[in-house]
Amino acid sequence: MSIPTLTEDQKTSYTKALSEYDPDKEVSEEAKGSLQAIVTYITQTGDVSPFTWSQLKPYLSKRIKETLTNMHSQCPDCKSDPGETFDDQLDLIMTDFDDLYQEEPPFTIQRICELLSQPEKHYISTRKLLHAFQKVISIGGSY
């Protein structure tokens, strides 16, 4: 299997989608395709160098939250004890992601994108998916 490379047209399209991305607004179908292609590219290569972290981070942050929320709606298996609820764990993951990686992406970015691309491939439990994200985000190392 060969490692994919980005064409100039792809770089332009992906950069445009990231620069126009606003987590509080609806995304066009074309932009959704480009944004998903970025996640796929990082999943396959681990390479984030074609992208600006300050533009990529808000998209990944929203995708992490959406992915976990979708899994929770399909499999609500989190405990109800304080600190162990879905919302508590989600807040912890998102806080860590935002706080630990303000300037640079985590060195686990490829695994994060794998979890975003196909969460159901390895996880059918919200608890286990939450734990997987917590593990790859809390490691704390950047490029």
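This structure is a prediction, so every number in the text was calculated from the model and none was measured.

**Student:** Just to check I follow, could you spell out the pattern of salt bridges for this structure?
**Tutor:** For side chains of opposite charge, pairing can occur when their charged atoms come near one another. Per the stated rule, a full pass over the model turns up 7 salt bridges. As a salt-bridge pair, K16 and E20 come within 3.9 Å of each other at their nearest N and O atoms. One end of the pair is K16 and the other is E20, both in helix 1 (residues 8–20) and 4 residues apart, which spans about a single turn. With relative accessibility at 46%, the residue K16 sits in the partly exposed group. With relative accessibility at 55%, the residue E20 sits in the exposed group. Where E26 meets K32, a salt bridge forms, and the shortest distance between an N and an O atom there is 3.9 Å. On the basis of relative accessible area, K32 is assigned to the partly exposed category, the value being 35%. When salt bridges with common partners are traced through the structure, they connect E26, E29 and K32 into a single cluster.

Conventions we followed
- Residues numbered from 1 in each chain as written.
- Predicted model: local features only at pLDDT ≥ 70, side-chain atom pairs only at ≥ 80, totals over all residues.
- Heavy atoms only, no water.
- Salt bridge = Lys/Arg side-chain N within 4 Å of Asp/Glu carboxyl O.
- Helix = DSSP H or I, 4+ residues; strand = E, 2+ residues; numbered from the N terminus.
- Buried < 20%, exposed > 50% of the residue type's maximum accessible area, 1.4 Å probe, protein only.

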